[in-house]
Amino acid sequence: MTSKFAAIMVGCGAMSAEWIRSAKEIGVQISALVDLNLEFARARASEFQLEAPLFDNLDDAIRTVQAEVLFDCTVPAAHIEVDSKGLMNGLHVLEEKPLAMSLTEAHRLIDLAERNKLVHAVIQNRRFHPGVRKIRRLLDQGLIGEITTVNIDFFVPAHFGGFREKMDHILLADMAIHPFDTARYLIGGNAESVYCEEWNPKGSWWQHGASAHAIFRMTGGIRCTFRGSWCSEGLRTPWDSVWRIVGTKGTICWDGLENIRGEYVKKEKKDGLFYDTQDFAPAEDPDPNETRGHFSVMYQFLRDIEEGIPAETRSTDNIQSLAMVLGAIESAKLGQRVQISV
Ligand SMILES: NC(=O)c1ccc[n+]([C@@H]2O[C@H](COP(=O)([O-])OP(=O)(O)OC[C@H]3O[C@@H](n4cnc5c(N)ncnc54)[C@H](O)[C@@H]3O)[C@@H](O)[C@H]2O)c1
């Protein structure tokens, strides 16, 4: 990429530091910092030595500064309003996950972007993890055959405070979209239906839904299970979960960090009950532009604007990950399996 873009950064809370760091590295100029609380905007300006003007509302920023891009790092409930304003004012929009609070809102944003010929994408950073990219390479080599099953375990007893502890369906609504999206990336398909149970375990410091178990039926009959909790003290898993991917000829396990192990059936030669298996050779290192979380999403978003190469996390695709979250919540509420469609 060669062009320089100017961006209005909206929402200067906890996550915005990662955005500004990535923007600086890529060469995006921050032309305004916007937050309802100007102190947050001021703090980011000073931390990153930005000379951009500060605003406590987006309308004034749009009226005042020159920009091609809007970065939305506000709280989830504000995404629809902030993104709509950006798209209606001719700005390409990159927003934090989740894309929206409902499929109706998501479609409104997708339609607005399409009508105005603008790129609209979502920060779904965890699919851009070196481990995920390596596993995808191994899967593409076909050593484990066709995927039949994906199991995901997420047990992270985080004590955030703030808006999260007061949200309903907190685990599914705030966190589960990451592993759901990663599962879609690895499988190369979407969810068709889900059965989910969600509860708030004894001792929970969350208002609602800190634990959930979900079983998805994915494209091609693949089953994807998610077992997760925000309130399980001790022996926590990494943020990227612990994974087992089973195929027709073998299995890949990932500890969510550096360790990926794989075994596949070598020859159709039995030793007692079991066929002989062989370990995988380590996967090659993936493209460094694809393994850096927020940086990688931002890179693809800007490349999409400049070169028309669709970003993986365009809202037209990301709506499928949102649908998994909303489907799981719906199933948990109804106590029955529900169909997933966008
Ligand atoms: N991708 C990830 O790994 C990841 C991790 C954490 C959070 N997030 C997402 O990032 C977003 C922000 O989370 P956070 O932890 O930074 O929250 P935060 O509460 O620390 O910051 C959000 C900021 O947005 C501001 N804001 C809210 N509505 C606004 C509006 N209409 N106009 C301008 N400013 C507004 C708030 O004043 C606040 O300063 C959320 O959507 C969250 O889900 C993503």
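What you are looking at is a predicted structure, and each value in this text was computed from that prediction instead of being measured. (Residues numbered from 1 in each chain as written. Predicted model: local features only at pLDDT ≥ 70, side-chain atom pairs only at ≥ 80, totals over all residues. Heavy atoms only, no water.)

Colleague: So what's going on with empty space enclosed by the protein? Residues and values would help.
Modeller: Evaluation of the coordinates by the stated rule reveals one cavity of 30 Å³ or more. Take the lining of the largest cavity: its biggest share by element is three residues, from helix α8 (residues 177–187). Taken together, the residues of the lining of the largest cavity sort by class into five nonpolar, three polar and two charged. (1 Å grid on protein atoms, 1.4 Å probe; cavity = no way out; pocket = protein on both sides within 12 Å on 5 of 7 lines; lining within 4 Å. Points joined across faces, edges and corners; volume = space filled by probe spheres on them. Helix = DSSP H or I, 4+ residues; strand = E, 2+ residues; numbered from the N terminus. Nonpolar A, V, L, I, M, F, W, Y, C, P; charged D, E, K, R; others polar.)

Colleague: So what's going on with the sheet that holds strand β6 (residues 120–123)? Residues and values would help.
Modeller: The strand order β3-β2-β1-β4-β5-β6 describes an open sheet built from six strands, whose pairing is parallel. Looking at which strands have only one partner, the edges of the open sheet turn out to be β3 (54–55) and β6. Alignment of strand β4 (residues 69–72) against strand β5 (residues 92–96), held across four bridges, turns out to be parallel. Bridge assignment links Leu-70 to a residue of β5, and that residue is Val-93. Packing against the sheet, helix α9 (residues 294–307) makes contact with β4, β5 and β6, and its axis sits at approximately 165° to β5. (Pairing = 2+ DSSP bridges. Contact = heavy atoms within 4.5 Å. Axes fitted to C-alpha atoms, helices over the stretch in contact; angles between N-to-C directions.)

Colleague: Give me the layout of surface pockets: which residues, what numbers.
Modeller: Of the volumes computed, that of the largest pocket is approximately 960 Å³. Contributing to the lining of the largest pocket are 36 residues, with Met-15, Cys-73, Thr-74, Val-75 and Phe-163 lying nearest its centre. When residues of the lining of the largest pocket are traced back to their parent elements, those giving at least two are α4 (79–88) and α7 (170–175). Class assignment for the residues of the lining of the largest pocket results in 17 nonpolar, 10 polar and nine charged.

Colleague: Now, about the site of the ligand: what can you tell me, with residues and values included?
Modeller: In the region of the ligand, 24 residues are neighbours, and Ala-14, Met-15, Asp-35, Lys-97 and Asn-125 sit closest. Contact distances for the ligand include 2.8 Å between an oxygen atom and a backbone N or O atom of Met-15. Side-chain polar atom of Glu-96 to a nitrogen atom of the ligand: 3.1 Å apart, as the coordinates give it. The cavity that encloses the ligand is the largest pocket. Within the shell around the ligand, the residues separate by chemical class into 12 nonpolar, seven polar and five charged. Here the shell around the ligand spans two domains, and each of domain 1 (6–118) and domain 2 (127–290 + 322–339) adds at least three residues to it. (Near = heavy atom within 4 Å. Polar contact = N/O pair within 3.5 Å; in protein donor to acceptor, adjacent residues only side chain to side chain. Sits in = over half its atoms within 2 Å of the grid points. Domains from an automatic or database assignment.)

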